[in-house]
Amino acid sequence: MSASDRRRLNLCFVGWGAIARRVGELLAERQLPGVNIIAVAVRDHHRHRGDLPAGVRLISEPAELAGLDLDMVIEAAGRDAVAVWGEAALRNAASFIVSSTSAFCDDALLDWLVSVAKETGSRIVVPSGALGDLGALAAASILPLEEVVHTIVKPPRAWRGTPAEGMLDLETLAAVSPFFDGSAREAAGRFPQNANVAVISAMSGIGLDRTRVVLVADPAARRNAHRVEAVGAFGRLDLTLENQPLATNPKSSEMTALSLVRLVENAVAPLVR
């Protein structure tokens, strides 16, 4: 096998919403050699036919992944899609990238997909998402961790359409207002679009039930902020990011798309950063 063959990367996106489109746009700008978007899985072919990269195949059933010669399937369609597409992705590609990590609040689903990955030799990859990179927390978890707290602060408009509307008056909010304090499992389950990222910090550290998550609405906030604090045998970690909201979806961050682009780049790069 030649070096060029080894660095070829055929992609399929599950979903073509704000995040996937932004990733596609950035990949096109960067013109990575060997990286090709082969297919996009969507429920409504007519809705997306005009906004896909040229030559991309539209599919709608997991069985259609077979025979596409895929290297990576990137899910960006919401947590229900993980169960629908997961097994087929793992049987027809080397990697299944799961953006909707709130799906892994379902332990049975996670165990099942891990068993399929073991059987096929493929991998489930959890991207760093809005957190940029949690390599330090994952490394710290090799030794015992005492506590991990993940605080998520977003403008009131980012919490519209979530249970926060029943807890706060988002339209007239005048002060910083914490409205949820609980486990990562509960946060991601109740706020899958906004607190999906809590599963990433939880899986990097001490798990869904021991990781504490605090959700905050701040009328003065202009960015989506994350603060991850951890204490353990390694020492102390305090990581803060203020992410620009995705222009087409204020519930998500630009960093979520950027982390997927970096993951794709590292899969073909001669030097992994």
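So, here's what we can say about the structure. No experiment lies behind these values; they were computed from the predicted model shown. (Residues numbered from 1 in each chain as written. Predicted model: local features only at pLDDT ≥ 70, side-chain atom pairs only at ≥ 80, totals over all residues. Heavy atoms only, no water.)

## Side note on unusual backbone geometry
Applicable threshold: When accessible area is computed with a 1.4 Å probe and restricted to protein chains, residues below 20% of their type maximum are described as buried, those above 50% as exposed, and intermediate ones as partly exposed. Counting from the N terminus, the helices are the DSSP runs of H or I reaching at least four residues and the strands are the DSSP runs of E reaching at least two.
Positive phi, normally seen in glycine, also occurs at Gln 31, with a value near 50°. By relative accessible area, Gln 31 is classed as exposed at 64%. Unlike most non-glycine residues, Asp 69 shows phi in positive territory, near 60°. If you trace the backbone, Asp 69 turns up in the loop between strand E3 (57-59) and strand E4 (72-75). Note on Asp 69: relative accessible area 48%, which makes it partly exposed.

## Overview of the sheet that holds strand E9 (residues 212-217)
The condition is simple: Two strands are counted as paired when DSSP detects at least two bridges linking them. Think of each axis as a best-fit line through the C-alpha atoms, taken over the contacting stretch in the case of a helix, with angles from 0 to 180 degrees between the N-to-C directions.
Taken together, the 5 strands give an open sheet; going across it, the order is E8-E9-E7-E10-E11, and neighbouring strands pair in mixed fashion. Whereas interior strands pair on both sides, the edge strands pair on one side only; in this sheet they are strand E8 (177-183) and strand E11 (235-243). Direction aside, neighbouring strands of the sheet carry axes that sit 10° apart on average. As defined by bridge partners, E8 adjoins E9 across 6 bridges and the pair is classed as antiparallel.

## What about helix H9 (residues 254-268)?
An α-helix turns once every 3.6 residues. As a result, residues three or four positions apart point the same way. Rules: Multiplying 1.5 Å by the residue count of a helix minus one yields the expected span of that helix.
Its 15 residues place the ends of H9 22 Å apart at the C-alpha level, agreeing with the 21 Å of an ideal helix rising 1.5 Å per residue. In terms of burial, H9 is a largely internal element, 11 of the 15 residues being buried. Considered for burial, the residues of H9 that qualify are Glu 254, Thr 256, Ala 257, Ser 259, Leu 260, Val 261, Leu 263, Val 264, Glu 265, Asn 266 and Val 268.

## A closer look at the pattern of salt bridges
The condition that has to hold: Throughout this description, the term salt bridge denotes a Lys or Arg side-chain nitrogen within 4 Å of a carboxyl oxygen of Asp or Glu.
Counted by the stated rule, this structure contains 16 salt bridges. A salt bridge links Arg 8 to Asp 69; its shortest N-O distance comes to 2.8 Å. Taken together, the positions of Arg 8 in the loop between helix H1 (3-6) and strand E1 (9-14) and Asp 69 in the loop between E3 and E4 put the pair 61 residues apart, joining distant regions of the chain. You can call Arg 8 partly exposed: its relative accessible area is 28%. The closest approach of N and O atoms between Arg 22 and Glu 254, which form a salt bridge, is 2.7 Å. Residue Arg 22 is found in helix H2 (residues 18-30), and its partner Glu 254 is found in helix H9; the two are separated by 232 residues along the sequence.

## Observations concerning helix H5 (residues 107-120)
Applicable threshold: Arc, as used here, means the arc of the directions from the helix axis to the C-beta atoms. In this description, contact between two residues means that some pair of their heavy atoms is separated by no more than 4.5 Å. N or O atoms within 3.5 Å of each other form a polar contact, as long as, within protein, one can give a hydrogen and the other can take it, and as long as residues adjacent in sequence are counted only when both atoms are side-chain atoms.
Its 14 residues give H5 an end-to-end C-alpha distance of 20 Å, which sits within 8% of 20 Å, the value for a rise of 1.5 Å per residue. Listed as buried for H5 are Leu 109, Leu 110, Leu 113, Val 116 and Ala 117. All buried residues of H5 project into a common sector of 125° when viewed along the axis, lining one side. Exposed and facing more than 90 degrees away from the buried side of H5 are Ala 108, Asp 111, Lys 118 and Glu 119. In the core, the buried residues of H5 are packed alongside helix H4 (79-92), strand E6 (123-125) and helix H8 (198-204). Where H5 begins, the side chain of Asp 106 points an oxygen toward the backbone nitrogen of Ala 108, at a separation of 3.1 Å. Just downstream of H5, Gly 121 is the residue with a positive phi angle, here 80°.

## Some thoughts on the environment of Val 14
Structurally, the position occupied by Val 14 is in strand E1. Residue Val 14 is classed as buried on the basis of its relative accessible area, which comes to 3%. Taking the C-alpha atoms as reference points, Val 14 and Gly 78, separated by 64 residues in sequence, lie 9.3 Å from one another. Those residues in contact with Val 14 that lie beyond four places of it in its chain are Ala 41, Val 73, Ile 74, Glu 75, Ala 76, Ala 77, Ala 81 and Trp 85.

## Thoughts on the packing of H2 against H9
Each packed pair of helices is defined by two parameters, the angle between the axes and the distance between the axes. Quick reminder of the rule: Orientation categories follow fixed angle ranges, with anything under 35 degrees roughly parallel, anything over 145 roughly antiparallel, 65 to 115 roughly perpendicular, and all other angles oblique. In this scheme the handedness of a crossing depends on how the near helix is turned from the far one: anticlockwise by less than a right angle means left-handed, clockwise means right-handed. Classes in brief: Ala, Val, Leu, Ile, Met, Phe, Trp, Tyr, Cys and Pro nonpolar; Asp, Glu, Lys and Arg charged; the others, Gly included, polar.
Closest axis-to-axis distance for the H2/H9 pair is 9 Å, and the angle between their directions is 50°. Taken as axis vectors, H2 and H9 run oblique relative to one another. As H2 runs across H9, the sense of the crossing is right-handed. Every residue of H9 that contacts H2 at Ile 19, Arg 22, Val 23, Leu 26, Leu 27 and Arg 30 is listed here: Glu 254, Thr 256, Ala 257, Leu 258, Leu 260, Val 261, Val 264 and Glu 265. Per-class residue counts for the contact of H2 with H9 are 9 nonpolar, 1 polar and 4 charged.

## Remarks on the pairing of E4
Note the cut-off: By convention, orient the strands away from the viewer: a clockwise path from the first strand over the helix to the second makes the crossover right-handed.
Of the two faces of E4, the one holding Met 72 and Ile 74 and the one holding Val 73 and Glu 75 are both buried throughout. The pairing of E1 with E4 spans 4 bridges and is classified as parallel. Along E4, the bridge assignment pairs Leu 11 with Met 72. Relative to strand E5 (residues 95-98), E4 runs parallel, the two being bridged by 4 bridges. Bridged to Val 73 within E5 is Phe 96. Where the polypeptide runs from E4 across H4 and back to E5, its parallel neighbour, the crossover connection is right-handed.

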